[in-house]
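Reading the structure
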Amino acid sequence: MEYQSKRFLDLFQTRKPVLAMIHLKGNGRDEMLKIAKKEIDLLIENGIDAVIVENYFGSPDDVEEVLKYIYKERTNIIYGINILDDDKKAFELATKYEAKFIQLDSVAGHLNIEEDGKYHRLINHMRSQTKVFVLGGVRFKYQPYLSGRSLEEDLRIGMSICDGIVVTGTGTGMETNLEKIKEFRTIIGKDFPLIVGAGLTAENCGTQLAIADGAIVGSYLKDSYKDTGDVSVNHVKSFMKAVQD
C-alpha cells in the first residue's frame, strides 16, 4: 500500500518543524488538563510548530480530555497523538478529534516475524480508514529487537506503513547518536521524512537537523531538562532560536 509520505512536512510553515510532547503531568484529570492547557499556550506562543499529546504520565482517557479541549478551543494549532501501548486507540482518537498525525513508538523490528505480520496487517487496516499521518519508530528507545531482520529491512517495512521515520537513542532525554541518524538517512533516502525523536538540545540540534527533517522534543523544554519538569519559556526560546539560526 502506498501512502502520502512526502506530504507530512507540508503541514508546516517551517522547513524543520519542531513537535513538542505534552506528557500529561498532574495529580488527577483536572490538574492534568490545566497544566496541558498552560503548556500548549507556552509552546505555541514561543514558536513550537506542533504538540503531541501523550499518555506518558496519564491515561488514554486523559489524552482524550486534552483532545476535546484542543478540538473545541485550539483548532488553529497542529496536534498529534501518541497512545503508548495502544496503537488502535491512537487511530481512534486521532480520527475522532481530527488530529493531523499520530506517533507509533515502533512500527518494525520490535516483534517476532509471526506477530510482526499481524501487526502490519492491523496498521494497514487502520490506515485505510483514516487520512491521519503516521510517524513510526524503528529501533526506538526501549523497544526490543526481535524481528531478526537487518536495519535496512526493518526501515523499508517501516517506510511502507508510515509517513515519517522516527530515530532515537536508547532512552528518553538521551542524545540520539549522530551516526545512527546518518545511517537511517542513508537507508531511507533524502526524500522520506526523518524525525529525531529524543535527546535534542540547543547545542546539538543544528548538527542533527542538518541531516534530519524535524524534531520531537520533550525533556529539554522543561525547567529541569527532565520529563518530570515544567515547561520553561526560556528553554523553549533558546531551543527555537538554535533551530532557526
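Below, the structure is looked at part by part. Positions within a chain are numbered from 1, following the residues in the order the chain's sequence is written. With pLDDT at 70 or above as the cut-off, local features in this predicted model cover only qualifying residues; side-chain atom pairs require 80 or more to be listed or tallied, and sums for whole chains, interfaces and linings still use all residues. With hydrogens and water stripped out, all remaining heavy atoms of the structure feed into the side-chain values.

Two rings from Phe, Tyr or Trp (for Trp, the six-membered ring) form a pair when their centres sit within 6.5 Å of each other. Planes less than 30 degrees apart are called stacked, planes more than 60 degrees apart edge-to-face, and all others tilted. Following the criterion strictly, the structure yields seven aromatic pairs and no others. Look at Phe8 and Phe12: their rings are 5.5 Å apart centre to centre, the planes differ by 75 degrees, and that puts the pair in the edge-to-face class. Whether a residue is buried, partly exposed or exposed follows from its accessible area with a 1.4 Å probe, protein chains only, as a fraction of its type maximum: under 20%, in between, or over 50%, in that order. Note on Phe12: relative accessible area 8%, which makes it buried. Measuring from centroid to centroid gives 5.8 Å for Tyr220 and Phe239, while their planes differ by 50 degrees, and the two rings are tilted. Here Tyr220 is found in the loop between β8 (214–217) and α8 (233–244), whereas its partner Phe239 is found in helix α8, with 19 residues between them in sequence. No difference in accessibility class separates Tyr220 from Phe239, as the two residues are buried. Ring pairs connect the aromatic residues Phe8, Phe12, Phe101 and Phe133, which therefore count as one cluster. Numbering of helices and strands starts at the N terminus; helices are DSSP runs of H or I of at least 4 residues and strands are runs of E of at least 2.

In the Ramachandran plot, Glu98 falls in the positive-phi region, its phi being about 55 degrees despite a non-glycine side chain. Checked against the element boundaries, Glu98 lands in the loop between α3 (87–96) and β4 (101–108). Residue class for Glu98 comes out exposed when judged on its relative accessible area of 51%. Positioned with a positive phi, Lys141 is a non-glycine residue whose angle comes to about 35 degrees.

On to the nonpolar core. Residues belong to a common nonpolar core when they are buried Ala, Val, Leu, Ile, Met, Phe, Trp, Tyr or Cys residues joined through side-chain atoms within 4.5 Å. Core analysis: the biggest nonpolar cluster contains 68 residues, and Leu43, Ile81, Ile102, Ile165, Leu221 and Phe239 have the highest contact counts within it. Per-element accounting of this core gives the leading share, six residues, to helix α1 (residues 29–45). When residues no more than four places from it in sequence are discounted, the contact partners of Ile102 are Ile81, Ala90, Phe91, Ala94, Val132, Phe133, Val134 and Leu135. If you look at the next biggest cluster of nonpolar residues, it comprises 14 residues, including Phe8, Met21, Ala50 and Phe101. Residue contacts are counted whenever heavy atoms from the two residues lie within 4.5 Å of one another.

Next up on the list: helix α2 (residues 60–73). For a helix, the expected span equals 1.5 Å multiplied by the residue count minus one. With 14 residues, α2 ought to run about 20 Å at 1.5 Å a step, and its terminal C-alpha atoms sit 20 Å apart, in line with that. Listed in full, the buried residues belonging to α2 are Asp62, Val63, Glu64, Val66, Leu67, Tyr69 and Ile70. Each element contacted by the buried residues of α2 is listed here: α1, β2 (50–54), β3 (79–82) and α3.

What follows concerns the pairing of β3. A two-sided burial pattern is seen for β3, the buried positions comprising Tyr79 and Ile81 on one face and Gly80 and Asn82 on the other. Strands are treated as partners if at least two bridges between them are detected by DSSP. Inspection of the sheet shows β2 paired to β3 by four bridges, in the parallel sense. When the sheet's bridge partners are listed, Val51 is paired in β3 with Tyr79. Assignment of crossover handedness uses the view with strands pointing away from the viewer, where a clockwise path from the first strand over the helix to the second indicates a right-handed crossover. Handedness of the crossover joining β3 and β4 through α3 is recorded here as right-handed.

Next up on the list: the pattern of salt bridges. Here, a salt bridge means any Lys or Arg side-chain nitrogen found within 4 Å of an Asp or Glu carboxyl oxygen. All told, the structure shown has 16 salt bridges when counted by the stated rule. Here Arg149 and Asp154 are joined by a salt bridge, their closest N and O atoms 2.6 Å apart. The burial state of Arg149 is the same as that of Asp154; both residues are buried. The partner of Lys182 in a salt bridge is Glu179, with the nearest N and O atoms 3.6 Å apart. You can see Lys182 and its partner Glu179 sitting in helix α6 (residues 178–188), three residues apart, about one turn around the helix. On the basis of relative accessible area, Lys182 is assigned to the partly exposed category, the value being 36%. Through salt bridges with shared partners, one network takes in Asp116, Arg139, Arg149 and Asp154.

Another aspect to go through is the packing of α2 against α3. The angle between the axes and the distance between the axes are what describe a pair of packed helices. Relative orientation of the contacting elements α2 and α3 amounts to 15 degrees, with a least axis distance of 11 Å. Regarding the angle of α2 to α3, the classification is roughly parallel. As α2 packs across α3, the resulting crossing turns out to be right-handed. Residue-level contacts link Pro60, Val63, Glu64 and Leu67 of α2 to Lys89, Leu93 and Lys96 of α3. Of the residues belonging to the contact of α2 with α3, the class tally is four nonpolar, no polar and three charged. For helices, the fitted line uses only the C-alpha atoms of the stretch in contact; every axis is such a line through C-alpha atoms, and the angle between N-to-C directions lies from 0 to 180 degrees. In these notes the angle categories are as follows: under 35 degrees is roughly parallel, over 145 is roughly antiparallel, 65 to 115 is roughly perpendicular, and the rest is oblique. In this scheme, a crossing is called left-handed if the near helix is turned counterclockwise away from the far one by less than a right angle; it is called right-handed if the turn is clockwise. Each residue gets one label: Ala, Val, Leu, Ile, Met, Phe, Trp, Tyr, Cys and Pro are nonpolar, Asp, Glu, Lys and Arg are charged, and the others, such as Gly, are polar.

Those residues of α6 that sit buried are Lys180, Ile181, Phe184, Arg185, Ile187 and Ile188. Summarising the axial view, the buried residues of α6 lie within an arc of 165 degrees, below the 170-degree limit, and thus occupy one face. Exposed and oriented more than 90 degrees from the buried face of α6 are Glu179 and Thr186. Next to the buried residues of α6 lie β5 (133–138), α5 (151–161), β6 (164–167), β7 (194–196) and α7 (205–209). As used in this structure description, the phrase polar contact means that two N or O atoms lie within 3.5 Å; if the pair is within protein, one of them must be able to donate a hydrogen and the other to accept it, and residues adjacent in sequence are counted only when both atoms belong to side chains. The residue sitting at the N-terminus of α6 and contributing the capping side-chain oxygen is Asn177; that oxygen lies 2.7 Å from the backbone nitrogen of Glu179. Directions drawn from the helix axis to the C-beta atoms are what define this arc.

Just geometry here; none of it tells us what the structure is for.
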